[in-house]
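What follows is each chain in one-letter form.
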Amino acid sequence: MDFKFLTEQQVNSMLDMKTCIGLMKNVFTAFAEGKMENKLRSLFPVDRGKVFGIMPAVIPTEDVCGAKLITAFHTNHAKGLPSHLGIVAVFSNDDGQLQGICDGTSITAIRTAAVSAVATELMAKKDCSTMCLIGGGVQADMHMKAITLVRDIKKVTVWCPTLAESERFCARHREQYPGIEFIPCEKCEDAVKDADIINTVTPSAVPVLFGKWVKKGAHINAVGACGKANRELDTECVVKGRLFCDNYDSCRNEAGDFIFPLDEGAVTQDHILGDLAEVISGKVIARNSDEEITIFESQGLACEDVVCAAWLLKQ
Ligand SMILES: NC(=O)c1ccc[n+]([C@@H]2O[C@H](COP(=O)([O-])OP(=O)(O)OC[C@H]3O[C@@H](n4cnc5c(N)ncnc54)[C@H](O)[C@@H]3O)[C@@H](O)[C@H]2O)c1
């Protein structure tokens, strides 16, 4: 069998954030046009803090099908390894042949933040200048790259479980973004209260972002809680916000941020006002004023990974 293999280094050098944002816009436009479908992923608990996921997708627009196989082991940092490790395999829809395998760690890192950038461009106020990062890992790095491409950010506040991690994050970004002021915060509330854009990028099982801290007009990318047992947003935050998702089925079945408030009776299924496809197509208007709080609940979809891999394998 003859197929290509692209390493993490190759993916990182070929798939820049701007290109990936364009690919992700195509994915959600294809959803809106009825050319793409999503099936729920299978998540298998391996051990405490360790999950193995299988994420299959058929992509008619690219004439391929494929799947991401990924481990999310939140204990990995102690070993000097990333928490997410995986591959994306792509097959031809014509004859079923394997076209190639790409590193899935880098694709996951880039495409997740690219999707948040698509959501931010559509949902956040136009004149956002302050951004908060709750979490300082791979996704925080990637959200720096992605969100600064769609909004003119001047100040970034950072909260991590330890002040030392927030300080490290700020120190390693100051040089890269000389026009941006970075502020490590000891209290999460201080990081959140003035932010126009808030990104939650932690694997927390309990809320880290509280609605009472969020200022009017803010946009939230809720990225970290991928599973019904996890949540980053408290109920008040979800109730206060205009809630949008990447995919209805994923949000209803996998998003603890939505499922906890639903189970508490604080919201109904109708609290999800739209998915990214409906917003990108203009069917649903995300924001009606600079006073509203918008929330993009991201679960991550297999088609995002397979579209990136198919594009990479064509280069
Ligand atoms: N929505 C998506 O498509 C998508 C894609 C990739 C990753 N994720 C999720 O995003 C989250 C972050 O991913 P990453 O690759 O940046 O991980 P990472 O391990 O690189 O970074 C995690 C960050 O969260 C902090 N953290 C760890 N436990 C915490 C806790 N209990 N409370 C608060 N902060 C905590 C860590 O200190 C670190 O700053 C993970 O939960 C991951 O599963 C979502």
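Scope of this entry: the structure provided in the associated data block. None of these values were measured; they are calculated from a predicted model. (Residues numbered from 1 in each chain as written. Predicted model: local features only at pLDDT ≥ 70, side-chain atom pairs only at ≥ 80, totals over all residues. Heavy atoms only, no water.)

Here we come to the side chain of Lys68. Tracing the backbone shows Lys68 in strand S4 (residues 64-73). Engagement of the side chain of Lys68 in a polar contact is seen with the side chain of Thr108, the distance being 2.7 Å. The contact partners of Lys68, leaving out residues within four places of it in the chain, are Gly53, Ile54, Met55, Ile87, Val88, Thr108, Arg111 and Asp305. (Helix = DSSP H or I, 4+ residues; strand = E, 2+ residues; numbered from the N terminus. Polar contact = N/O pair within 3.5 Å; in protein donor to acceptor, adjacent residues only side chain to side chain. Contact = heavy atoms within 4.5 Å.)

A few words on the sheet that holds strand S13 (residues 272-275). Spatially, S9-S8-S7-S10-S11-S14-S12-S13 is the arrangement adopted by the eight strands of the open sheet, whose pairing is parallel. Looking at strand neighbours, the two that pair on one side only are strand S9 (181-184) and S13, the edges of this open sheet. Geometrically, the sheet is characterised by an average inter-axis angle of 20 degrees between neighbouring strands, direction not taken into account. Where strand S7 (residues 130-134) meets strand S8 (residues 155-159), five bridges bridge the pair, whose relative direction is parallel. If you follow Leu133 over to S8, its bridge partner there is Val158. Contacts from helix H3 (residues 104-123) reach strand S10 (197-200), strand S11 (219-222), strand S12 (242-245) and strand S14 (294-297), with the element oriented near 160 degrees to S11. Of the strands in this sheet, S7, S8 and S9 are in contact with helix H5 (residues 163-174), which crosses S9 at around 170 degrees. (Pairing = 2+ DSSP bridges. Axes fitted to C-alpha atoms, helices over the stretch in contact; angles between N-to-C directions.)

Near the ligand you find 26 residues, and of these His77, Gly136, Gln139, Glu165 and Gly224 are the closest. Interatomic distance of 3.4 Å between a backbone N/O atom of Gly137 and an oxygen atom of the ligand. One of the side-chain N or O atoms of Glu165 is found 2.6 Å from an oxygen atom in the ligand. Contact with the protein chains removes 84% of the 860 Å² of surface that the ligand exposes when unbound. When residues of the shell around the ligand are traced back to their parent elements, those giving at least two are H3 and helix H4 (138-150). (Near = heavy atom within 4 Å. Areas by Shrake-Rupley, 256 points an atom, 1.4 Å probe, with all protein chains shown as cover.)

Going through the model one piece at a time under the given rule, you end up with 17 salt bridges. A salt bridge links Asp141 to Arg172; the shortest N-O distance between them is 3.1 Å. On the criterion of sequence distance, the pair formed by Asp141 in helix H4 and Arg172 in helix H5 is long-range, its members being 31 residues apart. On the basis of relative accessible area, Asp141 is assigned to the partly exposed category, the value being 23%. Judged by relative accessible area, which is 42%, Arg172 ranks as partly exposed. (Salt bridge = Lys/Arg side-chain N within 4 Å of Asp/Glu carboxyl O. Buried < 20%, exposed > 50% of the residue type's maximum accessible area, 1.4 Å probe, protein only.)

So, about the sheet that holds strand S2 (residues 42-47). The six strands are arranged S1-S6-S5-S4-S3-S2 in an open sheet whose pairing can be described as mixed. Sheet topology places strand S1 (4-6) and S2 at the edges, where each strand pairs with a single neighbour. Going across the sheet, the axis of each strand differs from the next one's by a mean of 15 degrees, ignoring polarity. Across ten bridges, the pairing between strand S3 (residues 50-59) and S4 is antiparallel. Within S4, the residue paired with Met55 across the bridge is Lys68. Of the strands in this sheet, S3, S4, strand S5 (84-92) and strand S6 (98-103) touch H3, which is tilted by about 95 degrees from S5. On the sheet, helix H11 (residues 302-314) packs against S1, S3, S4, S5 and S6 and is oriented at approximately 65 degrees with respect to S3.

Counting 70 residues, the largest nonpolar core has Met24, Met144 and Val156 as the members making the most contacts within it. Residue-level mapping places this core at the junction of two domains, with at least three residues from each of domain 1 (4-108 + 303-314) and domain 2 (116-301). Setting aside anything within four residues of it in sequence, one finds Met24 in contact with Arg111, Ala114, Val115, Val118, Glu304 and Cys308. Counting residues in hydrophobic clusters, the runner-up holds 28 residues, among them Cys132, Ile134, Trp159 and Cys237. (Core = buried A, V, L, I, M, F, W, Y, C linked by side-chain atoms within 4.5 Å. Domains from an automatic or database assignment.)

Further remarks concern unusual backbone geometry. Of note, the phi angle at Asp63 is positive, near 60 degrees, even though the residue is not glycine. In this fold, Asp63 is placed in the loop between S3 and S4. Overall, Asp63 belongs to the partly exposed group, its relative accessible area being 46%.

Here S10 shows a buried face lined by Ile197 and Asn199 and a second buried face lined by Ile198 and Thr200. Two elements, S7 and S10, share four bridges in a ladder whose sense is parallel. Bridge pairing in S10 links Leu133 to Asn199. Pairing between S10 and S11: four bridges, direction parallel. Paired with Ile197 across the strands is His219, a residue of S11.

Taken by themselves, the reported measurements are silent on function.
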